[in-house]
Structures are given as structure tokens and as C-alpha cells.
Amino acid sequence: SSAAPTHCSSRSGVKAEAVAEIRQIASEMENEAKIESLIKTKGYAQCVAVISGENVSIVLQHEGELSAAALAQINAIVYEHTGISPAGISIITRE
């Protein structure tokens, strides 16, 4: 009879972990959308943001090199929404 509560509690623990993971994914997706939207308002036609743990990848449609000011602006947007510092941010440009 003591096995049933243990089974139940481990099952609820797994469920709680799953719910927490779903919330984390949803939060990351929401932050990705916010980042993409804010970067697009800075004049970039296309932007894709992907958050993976403590790293963020930003892919932009842009010809040539980004200016230091543009990089700083993008890093600031990402940091504001994720708390991830520039060391964890990769910015890739595509023409």
C-alpha cells in the first residue's frame, strides 16, 4: 500500500517537470517573437531569433557588415528580454 503513493508522487513530479518545461519553452518562444519584432522595427526586413539555454542566435537579412552601433542595439534588445549577455549572443547576417 505504500508503493501507490510513491508511484503517485513520482508521477506528479514528472508532470510538474513537464509543465515547467512547457512554460519555459513558451516563455522562450514569446521572447523570440518580441526580439524579432523589435529588431525588425530597427529597419531589418527579416529576423529570426532562436533561444537555446544560455545562448541566442539572431539571423538577420542585411547586406555587408553590421555597425558597432547596430550590434550594440541588437545585443541590448536580446539582453533586455533574456538576460543573456553579448558573450552568449551570435548575430549572423544573410543578404
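Just so we're clear, the structure is a prediction, and the values are computed from it rather than from any experiment.

## Quick notes on the overall build of the protein chain
Next up, step 1: Counting its regular elements, the protein chain contains 2 helices and 3 strands.
Next up, step 2: For the protein chain, whose C-alpha radius of gyration is 19 Å, the value lies well above the compact-globule estimate of 12 Å for 95 residues.
Next up, step 3: The C-alpha extent of the protein chain, read off along each of the three principal axes, is 70 × 25 × 20 Å.
Next up, step 4: Burial statistics for the protein chain: of 95 residues in total, 24% are counted as buried.

## Focus on helix α2 (residues 68-82)
Next up, step 1: With 15 residues, α2 should reach 21 Å at 1.5 Å per residue; the first-to-last C-alpha distance of 21 Å fits that figure.
Next up, step 2: Along α2, the positions that sit buried rather than exposed are A70, I74, N75, I77, V78 and H81. When α2 is viewed along its axis, its buried side chains cluster within an angular range of 155° and face the same direction. In this structure, α2 carries A68, A69 and E80 as exposed residues pointing more than 90 degrees from its buried face.

## A few points about the sheet that holds strand β1 (residues 47-52)
Sheet strands associate in pairs through backbone hydrogen bonding, adopting either a parallel or an antiparallel arrangement.
Next up, step 1: Strand order in the open sheet formed by 3 strands is β1-β2-β3, and the pairing between neighbours is mixed. Edge strands, defined here as strands with exactly one partner in the open sheet, are β1 and β3 (89-94). With strand direction ignored, the average angle separating the axes of adjacent strands in the sheet is 15°.
Next up, step 2: Pairing geometry for strand β2 (residues 55-61) and β3, over 6 bridges, is parallel. Following the sheet pairing, Q61 is matched in β3 by R94.

## Remarks on the environment of I35
Next up, step 1: Relative to the helices and strands, I35 is located in helix α1 (residues 3-40).
Next up, step 2: Among the residues examined, I35 registers a relative accessible area of 0% and is labelled buried.
Next up, step 3: Separated by 13 residues in sequence, I35 and V48 have C-alpha atoms that sit 8.6 Å apart.
Next up, step 4: With residues near it in sequence (within four places) discarded, I35 still touches A49, I51, I58, I77, V78, H81 and T82.

## Considerations on the confidence of the model for the protein chain
Next up, step 1: Looking at the protein chain as a whole, the pLDDT averages 90, with 91% of positions reaching at least 70.
Next up, step 2: Long-range and interchain partners of residues 1-6, a stretch whose pLDDT sits below 50, account for 0 contacts in this model, where long-range means more than four residues apart.

Criteria and thresholds
Residues numbered from 1 in each chain as written. Predicted model: local features only at pLDDT ≥ 70, side-chain atom pairs only at ≥ 80, totals over all residues. Heavy atoms only, no water. Helix = DSSP H or I, 4+ residues; strand = E, 2+ residues; numbered from the N terminus. Rg over C-alpha atoms; globule rule 2.2 N^0.38 Å. Buried < 20%, exposed > 50% of the residue type's maximum accessible area, 1.4 Å probe, protein only. Expected span 1.5 Å × (residues − 1). Arc of directions from axis to C-beta. Pairing = 2+ DSSP bridges. Axes fitted to C-alpha atoms, helices over the stretch in contact; angles between N-to-C directions. Contact = heavy atoms within 4.5 Å. pLDDT = per-residue confidence, 0-100.

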